[in-house]
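# Secondary and tertiary structure notes
Spelled out from the first residue to the last, the chains are:
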Amino acid sequence: MRIKIYTTEDLNGFFIGTFLGDGCFCKRSPTHNTYVAFKHSESQKDYLEWKYLFLKDFWLVKNDKRIKEKTLSGCYENAQRQFGFNSNSCEQLNKFKEKTKEELIQEFNEMSLAVYALDDGNFYRHVCKISCGTLSEKERIALKNVLSDKLFIDCKIYNHKTNPAKDYFIFTGNNYDRIINIILSKIPNDIDIIKDKILKES
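Because the structure is a prediction, the values reported are computed rather than measured. (Residues numbered from 1 in each chain as written. Predicted model: local features only at pLDDT ≥ 70, side-chain atom pairs only at ≥ 80, totals over all residues. Heavy atoms only, no water.)

## Looking at helix 6 (residues 137-151)
- Taking 1.5 Å of rise per residue, 15 residues should cover 21 Å, and helix 6 covers 20 Å from first to last C-alpha, within 8% of that figure.
- Every buried residue belonging to helix 6 is among Glu139, Arg140, Ala142, Leu143, Val146, Leu147 and Leu151, and all of these are buried. Buried residues of helix 6, seen end-on, are gathered within an arc of 165° and therefore sit on one face of the element. Summarising the geometry of helix 6, the exposed residues directed more than 90 degrees from the buried face are Glu137, Lys138 and Asp149.
- In this structure, the buried residues of helix 6 make contact with helix 1 (8-20), helix 4 (101-106), helix 5 (110-120), strand 7 (156-158), strand 8 (168-172) and helix 7 (173-186).
- Two residues or fewer after helix 6 comes phenylalanine 152, characterised by a positive phi angle close to 60°. (Helix = DSSP H or I, 4+ residues; strand = E, 2+ residues; numbered from the N terminus. Expected span 1.5 Å × (residues − 1). Buried < 20%, exposed > 50% of the residue type's maximum accessible area, 1.4 Å probe, protein only. Arc of directions from axis to C-beta. Contact = heavy atoms within 4.5 Å.)

Right under this line is the structure:
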């Protein structure tokens, strides 16, 4: 895996994309440090490893716990991992946790989009759909505006007839191309999720 060179802005964007995507930030008690749990399918274990290496590169990770999870086909180890953070990085992380989603959306950047799209996105026939079921209507509009004004990407919001959890942003044409270019510029191109989700559709 070829790791790219990242900036503090990328780190902030990573956390924002994670909050909106698949990451779960937890703290068992006031005396415990914060940890983040990521859960991906076995086919995305390279992407999970990249997340670990990305955070480790910023000296944020104190420990890495692999959690075994039973499935119908057996037991596999890489489905879920918890990354514990050291005390200094917890202070930085708590700044994000104290903000509302709307406040985080205003700081959304290219790295946020790359993580959010890979966590919650689907790519097929030059169309990208990113789930927005966990966002309120106000948050969706705010993110749509940030994508347009800040990243120059336009999208439509698809509203499911009966289940709002299945709503998503939809990107086509040049807007799809722009998302792909951002992902390829931020995430190593030799990991499985890029090969399977992105390059096969390119």
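## Quick word on the packing of helix 1 against helix 2 (residues 45-57)
- Closest axis-to-axis distance for the helix 1/helix 2 pair is 11 Å, and the angle between their directions is 135°. In this view, helix 1 runs oblique relative to helix 2, as classed from their interaxial angle. Crossing geometry of helix 1 relative to helix 2 is assigned as left-handed. Contacts from Asp10, Leu11, Phe14 and Phe15 in helix 1 reach Trp50, Lys51, Phe54 and Leu55 in helix 2.
- Residues belonging to the contact of helix 1 with helix 2 are distributed by class as follows: six nonpolar, no polar and two charged. (Axes fitted to C-alpha atoms, helices over the stretch in contact; angles between N-to-C directions. Parallel < 35°, antiparallel > 145°, perpendicular 65-115°, else oblique. Left-handed = near helix turned anticlockwise from the far one by under 90°. Nonpolar A, V, L, I, M, F, W, Y, C, P; charged D, E, K, R; others polar.)

## As for the confidence of the model for the chain
- The predicted model of the chain has a mean per-residue pLDDT of 81, with 72% of residues at 70 or higher.
- Here strand 4 (residues 74-85) stands out as the element of the chain with the lowest mean pLDDT, 54, in contrast to strand 8, whose mean of 97 is the highest. (pLDDT = per-residue confidence, 0-100.)

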